[in-house]
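So the chains spell out like this:
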Amino acid sequence: MSMYDKLNEQQKEAVFHTEGPLLILAGAGSGKTSVITHRIAYLIDEANVNPYNILAITFTNKAAGEMRERVDNLVGFGSEQIFVSTFHSLCVRILRRHAENLGYTNNFSIYDSDDQKTVMKEVIKKLNLDTKHYKEKALLSKISSLKDELVSPEEFAISAAGDYEKRITASCYSEYQSALKKSNALDFDDLIVEAVELFKTCPEVLNSYVNRFKYIMVDEYQDTNTAQFELVRLLTGSNRNLCVVGDDDQSIYKFRGANIRNILDFERFFPEAKVIKLEQNYRSVQNILDAANAVIRNNSERKDKALWSKQKEGDRIHFREFDNSYEEAEFVARDIKKSVQEGKSDFGDNAILYRTNAQSRSMEEKLVQENVPYKIFGGVNFYSRREIKDLLAYLKTIDNARDDLCVKRIINIPKRGIGATTINKLQATADERNTTFFDSLMHPEWSDLKGAAADKLHGFELLILRLRAMAESEKPTAVLKEILDTTDYINQMDVEDEEDAENRIENIEELISKARLYEEEAEEPTLSGLLEEIALVADIDSYDESESRVVLMTIHSAKGLEFKNVYMVGMEDGLFPSYNSINQGDAEIEEERRLCYVGITRAKEKLTLTRAKARMMHGDTQYNPLSRFVNEIPRQLFDIAPVTRKYNDSYYDPDTSESGGYRRYDNYRDDESGYGSFKRNSSYDGASGYGSNSSGKTGYSGFSREASAGSSYSSGIFSGYKRPTAYNTKKETPEEEKPFFTKMNGLSGLTKGSDLAKPTGDLSAGDRVKHIKFGEGTVISVVKETKDSKVTVQFDTAGQRIMYASFAKLQKI
DNA sequence: CGTACTAGTCTTTTT
DNA sequence: GACTAGTACG
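Residues numbered from 1 in each chain as written. Chains lettered and ligands numbered in written order. Predicted model: local features only at pLDDT ≥ 70, side-chain atom pairs only at ≥ 80, totals over all residues. Heavy atoms only, no water.

Residues Leu90, Leu191, Phe199, Val218, Leu231 and Leu235 are the most contacted members of the largest nonpolar core, which totals 45 residues. Only β1 (22-26), β2 (54-58), α4 (87-98), α9 (188-201), α10 (203-212), β6 (215-218), α11 (226-236) and β7 (242-246) provide two or more residues apiece to this core. With residues near it in sequence (within four places) discarded, valine 218 still touches Ile57, Phe87, Thr224, Val232, Leu242, Cys243, Val244 and Val245. Counting 44 residues, the second-largest nonpolar core is a separate cluster that includes Cys406, Ile464, Ile490 and Ile508. (Core = buried A, V, L, I, M, F, W, Y, C linked by side-chain atoms within 4.5 Å. Buried < 20%, exposed > 50% of the residue type's maximum accessible area, 1.4 Å probe, protein only. Helix = DSSP H or I, 4+ residues; strand = E, 2+ residues; numbered from the N terminus. Contact = heavy atoms within 4.5 Å.)

Turning next to the side chain of serine 251. With respect to the secondary-structure elements, serine 251 resides in the loop between β7 and α12 (261-264). The contacts of serine 251, once residues within four sequence positions are left out, are Gln222, Asp223, Ile260, Glu591 and Arg594.

The environment of DNA strand B is formed by 26 residues, the closest being His88, Lys137, Arg355, Thr421 and Asn580. Among the atoms of DNA strand B close to the protein, meaning within 4 Å, 63% are from sugar or phosphate groups. For DNA strand B, a phosphate oxygen lies 3.1 Å from a polar atom in the backbone of asparagine 357. Note that a base oxygen of DNA strand B is positioned 3.5 Å from one of the side-chain N or O atoms of glutamate 592. Where the surface near DNA strand B is concerned, the elements lending two or more residues are α19 (420-433) and α26 (555-558). No other element matches α19, which puts 3 residues into the surface near DNA strand B. Residue composition of the surface near DNA strand B, grouped by class: 6 nonpolar, 14 polar and 6 charged. (Near = heavy atom within 4 Å. Polar contact = N/O pair within 3.5 Å; in protein donor to acceptor, adjacent residues only side chain to side chain. Nonpolar A, V, L, I, M, F, W, Y, C, P; charged D, E, K, R; others polar.)

A word on the packing of α4 against helix α25 (residues 527-536). At a minimum axis separation of 10 Å, α4 and α25 run at an interaxial angle of 155°. If you check the angle between α4 and α25, you find them roughly antiparallel. Where α4 crosses over α25, the handedness of that crossing is right-handed. Residues His88, Ser89, Val92 and Arg96 of α4 touch α25, and the partners they reach there are Ser528, Glu532 and Leu536. Tallied by class, residues from the contact of α4 with α25 come to 2 nonpolar, 3 polar and 2 charged. (Axes fitted to C-alpha atoms, helices over the stretch in contact; angles between N-to-C directions. Parallel < 35°, antiparallel > 145°, perpendicular 65-115°, else oblique. Left-handed = near helix turned anticlockwise from the far one by under 90°.)

On to the side chain of serine 79, then. Inspection of the secondary structure puts serine 79 in the loop between α3 (61-74) and β3 (83-86). Among the polar contacts listed, one links the side chain of serine 79 to the side chain of aspartate 72, at a separation of 2.4 Å. Each residue touching serine 79, except ones within four places of it in the same chain, is listed here: Arg68, Val71 and Asp72.

For the rest of this paragraph, the subject is the state of the cysteines. Such a bond, covalent and formed between the sulfur atoms of two cysteines, is termed a disulfide. According to the stated counting rule, one finds 0 disulfides in the structure shown. Free cysteine cysteine 243: the closest other cysteine sulfur is in cysteine 91, separated by 19 Å. (Disulfide = S-S within 2.5 Å.)

The next point concerns the packing of aromatic side chains. Aromatic ring pairs: the centre-centre distance and the angle between the two ring planes describe each pair. Applying the stated criterion across every chain, the model contains 17 aromatic pairs. Measuring from ring centre to ring centre gives 4.8 Å for phenylalanine 16 and tyrosine 42, while their planes differ by 45°; the resulting arrangement is tilted. You can see phenylalanine 16 sitting in helix α1 (residues 9-16) and its partner tyrosine 42 sitting in helix α2 (residues 32-45), a full 26 residues away along the chain. A centroid spacing of 5.2 Å and a plane angle of 35° characterise the contact between phenylalanine 322 and phenylalanine 331, whose relative ring orientation is tilted. By relative accessible area, phenylalanine 322 is classed as buried at 12%. Ring-pair connections join several aromatic residues into one group, and the members of that group are Phe83, Phe199, Tyr209 and Phe213. One cation-aromatic arrangement involves arginine 96 over phenylalanine 108; the distance from NZ or CZ to the ring centre is 4.2 Å. Lying across the ring of phenylalanine 438, arginine 468 places its NZ or CZ 5.1 Å from the centre. (Phe/Tyr/Trp six-rings, centres within 6.5 Å; stacked < 30°, edge-to-face > 60°. Lys NZ or Arg CZ within 6 Å of the ring centre and 35° of its normal.)

A few words on the sheet that holds strand β8 (residues 274-278). Taken together, 6 strands build an open sheet; the order of strands is β3-β2-β6-β7-β1-β8 and the sheet is parallel. Both outer strands of the open sheet, β3 and β8, are each paired with one neighbouring strand and no more. Strand after strand, the sheet turns through a mean of 15° between neighbouring axes, direction not considered. As defined by bridge partners, β1 adjoins β7 across 4 bridges and the pair is classed as parallel. Bridge pairing links leucine 25 to glycine 246 in β7. In this fold α4 packs onto β2, β3 and β6, with an angle of close to 110° to the strand it touches most, β3. (Pairing = 2+ DSSP bridges.)

Omega for the bond connecting isoleucine 413 with proline 414 falls within 30 degrees of zero, at -10°, which places this linkage in the cis form. With an omega dihedral of 5°, the bond running from phenylalanine 576 to proline 577 counts as a cis peptide bond. Secondary-structure assignment places proline 577 in the loop between β13 (563-568) and α27 (579-584). Even without being glycine, leucine 150 reaches a positive phi, approximately 60°. The residue leucine 150 is located in the loop between α6 (136-148) and α7 (153-160) in this model. Of note, the phi angle at glutamate 220 is positive, near 50°, even though the residue is not glycine. Looking at the secondary structure, you find glutamate 220 in the loop between β6 and α11. Residue glutamate 220 is classed as buried on the basis of its relative accessible area of 9%.

What follows concerns the packing of helix α17 (residues 386-399) against helix α22 (residues 476-487). It is at 10 Å that the axes of α17 and α22 come closest, and there the two elements cross at 115°. Regarding the angle of α17 to α22, the classification is roughly perpendicular. Helix-helix and strand crossings are classified by hand; for α17 and α22 the assignment is right-handed. Only Val479, Leu480, Ile483, Leu484 and Thr487 of α22 make contact with α17, whose side of the interface consists of Leu391, Tyr394, Leu395 and Ile398. Split by residue class, the contact of α17 with α22 holds 8 nonpolar, 1 polar and no charged.

Here we take up the environment of glycine 237. Its place among the elements puts glycine 237 in the loop between α11 and β7. For glycine 237, a relative accessible area of 31% gives the class partly exposed.

The complete set of buried residues in α1 reads Gln11, Lys12, Ala14 and Val15. The buried residues of α1 all sit within an arc of 160° when viewed along its axis, so they share a single face. Against β1, α2 and β8 lie the buried residues of α1. If you check the start of α1, you find a side-chain oxygen 3.1 Å away from the backbone N of glutamine 10, and it comes from asparagine 8. (Arc of directions from axis to C-beta.)

Rendered as structure tokens:
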């Protein structure tokens, strides 16, 4: 029996079709990954294709790794030779090699969105534009979509000629590009655009890649934009062995430039293309599939498909409605806990999916309270934390001398007495002489700076030069440690309190272990390589399905994943679909609907939809009607059907209406008394017994993004918590490598003011206490330490925790 | 030059 | 409500 026997007819057809263009329309859960990996195996084993000639492009690094692993299991050897990568890392690899052809050096920096903003802000200033009217974010998003469509600054300038606003945008675009180029930097979009540019201007370079990549596969093809398509088209060359896999119903990245035409027009570009539809779903039970089909049916622009399954009917879809988001979260947390306790699932089988990252907060709070282990993906990026950005800016400065942005970021970190005045002078000189900022600071006399100011600059210059020399021979981690040592960074950080300091130190440790991991795994570790890897990771890349923790993420992030139990929370019009899409029109609603379809089809066995009648948004309470998508699901599929209502029902009265009515959206924003903005402040929260948050000013700020159940977390400050991290938690730093920071005075220099050591009242064993996050509990023991007391508390619902009294804000009751 | 306070923006989604 | 950038003042 061969490994291809378990494939169905359509899947086999796709696997065995090796020559010529192939479009696979793969419905959700139709065994798409299996087809891709088997096809690669078939190419290697049966069609005698050299693995070296295969290129597979995926959406995330995680998907790339998985694909390689699965191919590895199918073919005996050679899978490491396959080039599996994301669009962005593929382009970086190519560009590093040929950067000179485009006027960059091969150690170019990659700018993230924060960097982009900084650059654009300077552009706006330089062009003397009104900062009130011209927002860097809006300009950047416009520029980004131009790049997605491969429109150059010059081309856009021509098309903008007659339009004043457009002309302004055009000049910003052009200035922004030259600023990047001067800094030897590329933004995310440039990676693709410049690779295409390279191929168009250097046919011999393109040729070398066409010769190498004789067989190309693109996963999640519905999410490619015009630039990415062009790249693939060029790479395919005359080989024409391009296989793309996608599902137009799962296209959810239009806002990022994804062009649905790429899928709809594939056959126009490749008239000889074979098209195969995979319509049998292997993932979900029939009820879930029926719900998904019922929702997506309401979209008009789609390739016709009919998902079917041989699976059993399964559970009904669960629907629950709550008064507010706290009750919603509490239900989900308890429902998961119950399911695990009854042996129906493992924590890791459960996923909580939401439309916006902000919704993770209330979920997190209740999960902590119920002692449910979880992991949140997305949200604030690990690498955008201040201390991490600082250290990376040092590394980038060392790596790429032309990166003005980074130099300016760290020139006064830690404080060296080099202020805005000096920086402005140096920048002016740099502009005048058309050189880099660093060059300018090496010659203070150019800017008429002497005495103390010049000395300080000289000191900084020497530091960077020394570190740069060190980087020539030493590993990135050694350089990183040297930076921390010489700048005394840890002790110089200005921190809010000890907890903040702990947080940041852990983040820095995390960065070091990430660098160490990179050094161990990379064939040829370099500083540029490390920085590149950091720039291109996604949070989701660290998802490990073998971990026993509830997964929290946006529906966008969940694409491509599957879970036994899925909770889709916040099913409210205004949240999902979002206000923006509702105001914009049908195309946007259809995209939201596809998102809903993606969410539903993540579930294998159990799908639970929840909705809160009242929800805090932007600081005030919103009363949103039930999501229209829930109404699109036939009521017989639910265990408890939602109260149906018509779209333009009478207006909503929170006091009398049982489950929310529906009001038209026309100008809801202008009409203060209208839909959506009933301010009732804390009275509402108070009534439901969840008002605690308004009093504690720290609110959730000390909250972790990762937690684990059980008592294994009983050492270290703020036990029970792990800091936010983008990394695989399985790879803990080995114990013996940890003491790195102990030589630096630890925390002693960090503690600011005396309020930290102030006792929270004398606690002793047996006292009943209340904690802002864990609720009530009993003190087990109190251990006095030099500055503080370590208190062990047995919480009624959140298990046993050890915490420092002064930070825990324990209230005696 | 550095700090502390204020005002504005944000929350739709991300490689 | 939370975070950030910008500004006024010491």
